[in-house]
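Breakdown of the fold
Single-letter residue listing:
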There are 2 protein chains.
Amino acid sequence: MKYTHHNHELNKNHIGIEVYLKGWVAKTRNLGGLLFIDLRDRFGMTQLVVKPENKNYETALKIRNEFVIEAKGIVIERENKNLNMPTGEIEVDVFDLVILNTSDNPPLIIANDTDALEDTRLKYRYLDLRRPVMQNFLIKRHEIVQSIRQTLVDEGFYELETPILGKSTPEGARDYLVPSRLYPGSFYALPQSPQIYKQLFMIAGFEKYFQVARCFRDEDLRSDRQPEFTQIDIESSFVEEEDVREIIEKIMVNTFKKVLNEEVKAPFEIMTYHKAMELYGTDKPDLRYEMLLKDYTEFFKGIDIPLFNDEPMVKGLILEHGESISRKKVDQLTEHVKKNHGKALAFVKYSKGSYTGSIIKYLNEEQLQSLNLGEDHVLFLVPGSFDDVSSSLGALRIELANQFNLIPKDVYKFIWINEWPLLEYDEEEKRFYAKHHPFTAPVNALVLKNNPHQAMAKAYDIVLNGYEIGGGSIRIHNQDVQRLMFDTLGLTKEDVQHRFGFFVDALKYGTPPHGGLALGLDRIVMLMTNTTNIKDVIAFPKTQSAKDMMMQSPSDVDQKQLDELELKVGK
Amino acid sequence: MKYTHHNHELNKNHIGIEVYLKGWVAKTRNLGGLLFIDLRDRFGMTQLVVKPENKNYETALKIRNEFVIEAKGIVIERENKNLNMPTGEIEVDVFDLVILNTSDNPPLIIANDTDALEDTRLKYRYLDLRRPVMQNFLIKRHEIVQSIRQTLVDEGFYELETPILGKSTPEGARDYLVPSRLYPGSFYALPQSPQIYKQLFMIAGFEKYFQVARCFRDEDLRSDRQPEFTQIDIESSFVEEEDVREIIEKIMVNTFKKVLNEEVKAPFEIMTYHKAMELYGTDKPDLRYEMLLKDYTEFFKGIDIPLFNDEPMVKGLILEHGESISRKKVDQLTEHVKKNHGKALAFVKYSKGSYTGSIIKYLNEEQLQSLNLGEDHVLFLVPGSFDDVSSSLGALRIELANQFNLIPKDVYKFIWINEWPLLEYDEEEKRFYAKHHPFTAPVNALVLKNNPHQAMAKAYDIVLNGYEIGGGSIRIHNQDVQRLMFDTLGLTKEDVQHRFGFFVDALKYGTPPHGGLALGLDRIVMLMTNTTNIKDVIAFPKTQSAKDMMMQSPSDVDQKQLDELELKVGK
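Residues numbered from 1 in each chain as written. Chains lettered and ligands numbered in written order. Predicted model: local features only at pLDDT ≥ 70, side-chain atom pairs only at ≥ 80, totals over all residues. Heavy atoms only, no water.

1. Describing helix α11 (residues 386–403) of chain B
All names here are of chain B. Our working rule: In DSSP terms, a helix is any run of H or I states spanning at least four residues, a strand is any run of E spanning at least two, and both are numbered starting from the N terminus. The span expected for a helix works out to 1.5 Å for each residue beyond the first. For each residue, the accessible area found with a 1.4 Å probe, counting protein chains only, is set against the maximum for its type, and the residue is called buried under 20%, exposed over 50%, and partly exposed in between. Residue contacts follow a heavy-atom distance rule, with two residues in contact if any of their heavy atoms lie within 4.5 Å.
A rise of 1.5 Å per residue sets the reference length of α11, with its 18 residues, at 26 Å; its end C-alpha atoms lie 25 Å apart and thus fit the reference within 8%. Of the positions making up α11, those classed as buried are V389, S390, S392, L393, G394, A395, L396, R397, L400 and A401. Among the structural elements, α7 (273–280), β13 (313–319), α9 (327–339) and β16 (377–384) are those in contact with the buried residues of α11. Directly beyond the C-terminal end of α11, a positive phi value near 50° is found at N405.

Written as structure tokens, this is what we have:
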């Protein structure tokens, strides 16, 4: 390469040497004839200075923002140093300058702060990505992937590829379909995950597999969902849950150290699904702050409060420093609680020696005191079923943490959630669904057979700061158990044969015990780069309505293409 | 992990120690009550022995091939050593044995040599992949990818992901389409390559990008093609052809060293497209053997041979050691020549002091002698146009090399082919097509404008042992040149706007000079593992009719799925 340096490298030690630089013009200033140019590349910025006596001065005057140029010059000490930038003590006295390409005035400001709306940013994604803050998201993503992969390779995992043109097995989310030209009326499907393929790798004896796998779900998108996403898909044979935890913990410890220089302590805490619901009201507990849920059912037994009477339980949580909690505020919070299946929200506030709140008229002084509230503590209470009380108080806990700034910055709290229910019962459809997926091993196959409502799964999620960043399980490796599972899910023999026939077959030829996990890469990058927008960490994301604003995709196609597929558009 | 060793590890140094192994039963033998079990895992094989007095003897008797077992035992010296296997000097005297899973009798032999037909192998791919030779293909693939990636990361390339749900821009091969549910009648397309995205990364300022990218082409398959394939997609800014060559050579040198312990010498030879056609009759010359094409036009000028008269040229090649060449053999070769656009095949053979062949009656002794044929040399001659003579003699050269075993084993000859024509003219459609793709930079834009037939491209292929393993180019970075290119290809302004509008737009905002290359991973793995079947190096390949025999995909889908897409099947 003919260039001598990138634009973040030069400092006082380079004074006097000749350099050859290239990049984009971030800014120009003309100070009494001296022309200053901020030259940017993916690494940083260097200041160039072109003097009026320079043979390229006329050329330099033509330069506008975002022109691509190359320049030769001598590193000199700067008069007005900028100690905020790595190259701020020097500048380059240019003796040769070439414009490699011009630029129209860009439709958005190319700097960390931009005023552009999201639609504009997505339409001109190639310019949005030129902003240093955006480049950093993708560069960190690159570093995170390299670190995760290196750990897996060092641990003896093989990186193996699985097809994108797969088979539609609708169970769970909606498939993206790909019409076949050679078999009109038949379709491939894009994989929702390589689940079956990775289990086949175990059956084939590869023992340790991983893949940075693209997955697809044609679902109505939420703000943190994309139609295609990337998971680090991992599977091993001859393992138990603790072996899987161990490898994932290694990945996390290494990656946080390498990419963020952050020491993460392993092993991570483990909590059962039930305990998490009980204490945090969610299966994705954020451990960066306290405010645990507490059971007040016993406490209120025998106290006649209309709101609580006839309810199976009453649970609550205590907000400290709740000075600002007013009736109006509680009304807002009640809305939030009700949106999350809470029946009602009661509260008791203790401040300056007296109690206020919606239920204090039902309580005597002794009862109030035994609530053990400190100065400015507010106790929030929700009556109802375990599920409803948990989900509503869980949501309230998060809401209060956000509103009262209880979440410390740059803290990473991992936790494993295990001992999940195997199945969920859909009251409307009167059938079971797999809580994870139908290949998850039951803790006890007899329970699955005789009492499926009680069946527990050998499943585990890994949660970071209140986000599920991965989930996995020990898989079924026994053909009979797999059939029982499909039976329990209400699949007919024909269904099973048609969709999973080859897989059930495969299980009978010496399938080893195996299990694994898939990490959600996009979410991990999001958490490690401290952004809340998943689009920031994907180079070319789609909108919430699954549209590519830049390419204008999806789009219409030639009639000839449809004819070849023997397809017609229309209801 | 509770297991102490893999099955390739134990040798004389381990005698006396207790080990804990697991794997698949490759074979059992019962010799006078002593039960021998060959235990296999992905690394190798260990012999277990179970004695009749063992508490697990009854269990062991039940074991059949492909059962999954685990065993504890003591390493002992073997009586009948097998020095052909790494563990052949020891065996494991088992004291504890557990059957983890049983196996039905597999439908194909699980060993390097199998008698199964390809259809069976594809249907039971998970068993086919259990054969050590097949595991080795994918393990080598893993190693090759890691090595290529490591070189690129070390050189400062970022691994960045691009969408699979892209836009249909039919130009070149046929797209796979994905119907959109949210916009019925609109379609995404699977990428034929990430070409436009990688150029956008350059425009966005990432400077050095790569991706192990899945690509899709809905073409009628040849035996070495698959509907989806993997390429190592590479792009850099501020580079010329030599910079791209340099990074690719580094990749190859490192990878051949790491994976095959093979020293490859860089820089590789460079040859122009025209020279390659002239000397080898192909743009993918195999340099492992000689037999260069030679021009005999001058030689035959003035000699009256009906076959050659009125033909623009006559070219030939000399086969040494052509003892076995007979008229009958030449007739077969003539068929091959004609299939490859050759008009006719003449020959002159010199053996034991005399000449034979189809044209010797037209030549006198002096003329024959000046052909300079050595003992058992056969000169093959084809008359016709440069293109036809080249392609037919090029094909003949390969045919002879194969038939006469002229290709040395384990030799790797790389060559760069550059200076390609920019365009191909389709006489039927009366229009130009891009020889590489429409983003390839012309050597001279003025020639493209004024004399497109003569326009040359800044394009280059890398060829290994007669296979194109990668191709690339310096790209157009100037908006006007890109428009000129689309014009020359006969795209209307509306076409350009509809398909590539955003991209032509992008070029005007400070696009740096850039270029790159894409390596065909599947083919590289094929060549490095010495197989000729591309399916061998893909875990779950499709048949030549794009079918997945194992999953039975493509398949029909539920009516509900089609309804949601507002699609109807039918002509």
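After presenting the structure, the write-up continues.
2. Some points on the domain arrangement of chain A
Frequently, the measure chosen for interface size is the accessible area removed from exposure when the parts meet. Note the following rule: Segmentation into domains, and thus their bounds, comes from an automatic or database assignment.
When its domains are assigned, chain A resolves into domain 1 (12–101), domain 2 (134–271 + 413–547) and domain 3 (289–403). Centre-to-centre separation of domain 1 of chain A and domain 2 of chain A, based on C-alpha positions: 50 Å.

3. Considerations on the packing of aromatic side chains
To be explicit about the condition: For this analysis, a ring pair means two rings from Phe, Tyr or Trp (six-membered ring only for Trp) whose centres lie within 6.5 Å, classed as stacked if their planes differ by under 30 degrees, edge-to-face if by over 60, and tilted for the remaining angles. By definition here, charges over rings are those cases where NZ of Lys or CZ of Arg is within 6 Å of the ring centre and within 35 degrees of the ring normal.
Tallying each qualifying case throughout the model produces 50 aromatic pairs over all chains. With centroids separated by 5.3 Å and ring planes inclined at 80°, the aromatic side chains of F439(B) and F503(B) adopt a geometry described as edge-to-face. Of the two residues, F439(B) sits in the loop between β19 (431–434) and α12 (445–450) while F503(B) sits in helix α14 (residues 493–506), which places them 64 residues apart along the sequence. One exposure class covers both F439(B) and F503(B), and it is buried. Between the NZ or CZ atom of R42(A) and the centre of the ring of Y158(B), over which it lies, the distance is 4.3 Å. When the ring centre of Y433(B) is taken as reference, the NZ or CZ atom of R431(B) above it lies at 3.8 Å.

4. Remarks on the interface of chain B and chain A
Here is the rule we go by: Accessible area that two parts lose when put together, evaluated with a 1.4 Å probe and summed over both, is termed the buried area. In what follows, salt bridge is the name for a side-chain nitrogen of Lys or Arg lying within 4 Å of a carboxyl oxygen of Asp or Glu. Contacts described as polar in this section are N or O atom pairs within 3.5 Å, which, within protein, must combine one atom able to donate a hydrogen with one able to accept it, while residues neighboring in sequence count only if both atoms come from side chains.
Contacts between the two partners involve 126 residues from chain B and, on the opposite side, 126 residues from chain A. Where chain B abuts chain A, roughly 11300 Å² becomes buried across the two surfaces, and 58% of that area is made up of carbon and sulfur atoms. Three residues stand out in chain B for area buried against chain A, namely R42(B), F238(B) and Y509(B), and they jointly supply 7% of the buried area on that side. Viewed at the interface, chain A and chain B are joined by 14 salt bridges. Where R214(A) meets E161(B), a salt bridge forms, and the shortest distance between an N and an O atom there is 3.3 Å. Run the count over chain B and chain A and you get 67 residue pairs in polar contact (both at pLDDT 80 or more).

5. Considering the sheet that holds strand β5 (residues 90–101) of chain A
Residues and elements named next belong to chain A. Which entries qualify depends on this criterion: A strand pair is defined by DSSP finding two or more bridges across the two strands. Only the stretch in contact is used when a helix axis is fitted, and all axes are lines through C-alpha atoms; the angle between N-to-C directions ranges over 0 to 180 degrees.
Read around the barrel, five strands follow the order β1-β2-β3-β5-β4 and close on themselves; strand pairing throughout is mixed. Adjacent strand axes in the sheet meet at a mean angle of 55° when their direction is disregarded. The pairing of strand β3 (residues 45–50) with β5 spans two bridges and is classified as parallel. Note on β5: the bridge partner recorded for L48 is V92.

6. Observations concerning the pattern of salt bridges
One pass over the full model with this rule turns up 76 salt bridges over all chains. Among the salt bridges present, the one from D218(B) reaches R181(A), with a minimum N-O distance of 3.2 Å. Of this pair, D218(B) sits in the loop between β9 (208–216) and β10 (228–237) while R181(A) sits in the loop between β7 (177–179) and β8 (187–189), each in a different chain. Across this residue pair, the class does not change: D218(B) and R181(A) are buried. One network of salt bridges, with partners in common, ties together R141(A), R214(A), E228(A), D522(A), K542(A) and E161(B).

7. Thoughts on the UniProt feature "binding site: L-aspartate" (unreviewed entry) in chain A
Residues and elements named next belong to chain A. Keep this limit in mind: UniProt positions are given in the numbering used here, feature names are shortened, and annotations may be inferred rather than shown by experiment.
Listed under "binding site: L-aspartate" (unreviewed entry) in the UniProt record, and renumbered for this structure, are E171, R217, H436 and R475. Mapping R217 onto the fold places it in the loop between β9 (208–216) and β10 (228–237). We classify R217 as partly exposed; its relative accessible area is 33%. Those residues in contact with R217 that lie beyond four places of it in its chain are A173, R174, Y176, Q192, P227 and F229.

8. Comments concerning the side chain of D286(B)
All names here are of chain B. Within the secondary structure layout, D286 lies in the loop between α7 and β12 (294–295). Judged by relative accessible area, D286 falls into the buried class, the value being 8%. Once residues within four sequence positions are removed from consideration, D286 is found in contact with Y280, R397, N465 and G466.

9. Details of the relation of the copies chain B and chain A
The condition that has to hold: We superpose the copies by least squares over the C-alpha atoms of residues that have a pLDDT of at least 70 in both of them.
The transformation that overlays chain B on chain A combines an axial shift of 0.0 Å with a rotation of 180°, and the residual RMSD is 0.1 Å. Here the two chains are linked by the operation of a two-fold rotation axis. Both copies present the same face, since 100% of the interface residues in chain B are matched by interface residues at the equivalent positions in chain A.

10. Quick notes on the sheet that holds strand β22 (residues 514–520) of chain A
Residues and elements named next belong to chain A. Across the sheet, eight strands lie side by side as β6-β9-β10-β22-β21-β20-β17-β11; this open sheet has mixed pairing. Single-partner strands in this sheet number two, and they are β6 (158–159) and β11 (269–272). The pairing of strand β20 (residues 456–464) with strand β21 (residues 467–474) spans six bridges and is classified as antiparallel. Of the residues in β21, the one forming a bridge with I462 is G470. Packed onto the sheet, helix α7 (residues 273–280) meets β11 and β17 (414–421) and runs at close to 90° relative to β11.

11. Concerning the packing of helix α13 (residues 479–488) of chain A against helix α14 (residues 493–506) of chain A
All names here are of chain A. Quick reminder of the rule: These descriptions rest on fixed angle ranges, namely under 35 degrees for roughly parallel, over 145 for roughly antiparallel, 65 to 115 for roughly perpendicular, and the rest for oblique. Handedness of each helix crossing follows the sense of rotation of the near helix against the far helix: counterclockwise by less than a right angle gives left-handed, clockwise gives right-handed.
Across the interface, α13 lies against α14 with an axial gap of 11 Å and an inter-helix angle of 160°. With respect to each other, α13 and α14 are oriented roughly antiparallel. Where α13 crosses over α14, the two elements pack in a sense that is right-handed. Residues Q479, Q482, R483 and F486 of α13 form the contact with α14, whose own contacting residues are V496, F500, F503, V504 and D505.

12. Re the side chain of N418(A)
With respect to the helices, strands and loops of the structure, N418(A) is situated in strand β17. In this structure the side chain of N418(A) is engaged in a polar contact, spanning 2.9 Å, whose partner is the side chain of E241(A).

13. As for unusual backbone geometry
Each neighbour pair has its own omega, and for A266(A) with P267(A) the value is -5°, a cis peptide bond. Of note, D410(B) is a non-glycine position whose phi angle comes to about 55°, a positive value. Position of D410(B) among the secondary structure elements: in the loop between α11 and β17 (414–421). With a phi angle near 50°, E419(B) is a residue other than glycine that sits in the positive phi range. Tracing the chain through its elements places E419(B) in strand β17.

14. Overview of the environment of V569(A)
Locating V569(A) in the fold gives a position in strand β23 (residues 567–569). Overall, V569(A) belongs to the partly exposed group, its relative accessible area being 42%. Sequence separation of V569(A) and G520(A) is 49 residues, and the distance between their C-alpha atoms is 35 Å. In this structure, V569(A) is in contact with L562(A), G185(B), F187(B), E566(B) and L567(B), ignoring residues within four places of it in sequence.

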